[in-house]
Amino acid sequence: MNEFLLIASLFVIYGTVLLAYRIFGLHGLYCFTAIATITANIEVLIMVNAFGMEQTLGNILFASTFLVTDIISEVEGKKASQKAVNIGIFTSIFFIIVSQTWMLYKPSASDWAQPAIKTIFSNTPRLMIVSVLVYAICQRFDVWAYHKWWALTKKHFNGDSRKALWLRNNGSTLVSQLLNTLLYTFGAFWGMYKPATLVSIALSSYVIFIVTSLADTPFVYLARMIHDNEKK
């Protein structure tokens, strides 16, 4: 069941990225970035077993933010993709502040949600602070790497900027995701899990990121097709 849900989630989430871009254009991708950064940092608190590995949820949502910046880099340029990263950072910081104020209120006698809220969000500040830092580092690196790969492919193909999209997409994302996996896993969960569990989480997360990175390439091509059709 877990395996089926993860595979289904990949197609639903990546498909939603395209749908947001098709309906709302660049603004839709910016909105998706804000939604994904919040929900991924809640979902990452859940541990599951799937494909023979122990892993946290949230990997696909995190991967989708790299898909978004790669699409924006491809069709709108570096400046627009950096703006998406800044939106993700702003959203995460805002969510940290708001979620922590929830636990400052004295609940009424009829309240039933406050204990669950405290259980879920008591660790959120650490996770979110690490997430903001890792997100800022890895996403900015991804945007930089994407355009470095683009310059190389453009030079190799005699100035044709449309060739080798798959290479710049995967070349930037796979390295960025490795950096993201190591920094986030050990920064967010050190002391919460045993070292062996942390290694297992990191390995399983990166295996998933390899799959999600390779799987997002057709979606980048489709996004460019949507962009080209709208320009006609």
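That block above? That's the structure.
Note that the structure is a prediction, hence the values are computed from the model and not measured.

Analysis parameters
Residues numbered from 1 in each chain as written. Predicted model: local features only at pLDDT ≥ 70, side-chain atom pairs only at ≥ 80, totals over all residues. Heavy atoms only, no water. Core = buried A, V, L, I, M, F, W, Y, C linked by side-chain atoms within 4.5 Å. Buried < 20%, exposed > 50% of the residue type's maximum accessible area, 1.4 Å probe, protein only. Helix = DSSP H or I, 4+ residues; strand = E, 2+ residues; numbered from the N terminus. Contact = heavy atoms within 4.5 Å. Salt bridge = Lys/Arg side-chain N within 4 Å of Asp/Glu carboxyl O. Pairing = 2+ DSSP bridges.

A. The arrangement of the nonpolar core in detail. Membership of the largest hydrophobic core comes to 44 residues, with the highest contact counts inside it found for Ile 71 and Tyr 184. With 10 residues, helix α3 (residues 59-75) is the single largest residue contributor to this core. When neighbours within four sequence positions are excluded, Tyr 184 is seen to be in contact with Asn 41, Val 44, Leu 127, Val 130, Ser 131, Val 134 and Phe 189. Counting residues in each nonpolar core, the second largest holds 11 residues, with Ile 89, Met 103, Phe 121 and Met 128 among its members.

B. Inspection of the pattern of salt bridges at higher detail. Per the counting criterion, the structure on display carries four salt bridges. Between Arg 168 and Glu 74 there is a salt bridge; the shortest N-O distance is 3.0 Å. Residue Arg 168 is located in helix α7 (residues 165-189), and its partner Glu 74 is located in helix α3; the two are separated by 94 residues in the primary sequence. According to the relative accessible area criterion, Arg 168 is buried, its value standing at 0%. Exposure remark for Glu 74: the relative accessible area of 9% places this residue in the buried category. Among the charged side chains, a network of salt bridges with common partners joins Glu 74, Arg 168 and Arg 224.

C. Main features of the pairing of strand β1 (residues 47-50). Residues of β1 alternate between two faces, with Val 48 and Ala 50 buried on one and Met 47 and Asn 49 left unburied on the opposite face. Between β1 and strand β2 (residues 53-56), which follow one another and run antiparallel, lie two residues, and Phe 51 among them has a positive phi close to 55°.

D. Unusual backbone geometry, seen in detail. If you check the backbone angles, Phe 51 has positive phi at about 55° while not being a glycine. Relative to the helices and strands, Phe 51 is located in the loop between β1 and β2. On the basis of relative accessibility, which here comes to 46%, the residue Phe 51 falls in the partly exposed class. The phi dihedral of Asn 158 is positive, around 55°, even though this residue is not glycine. Here Asn 158 shows up in the loop between α6 (124-156) and α7.

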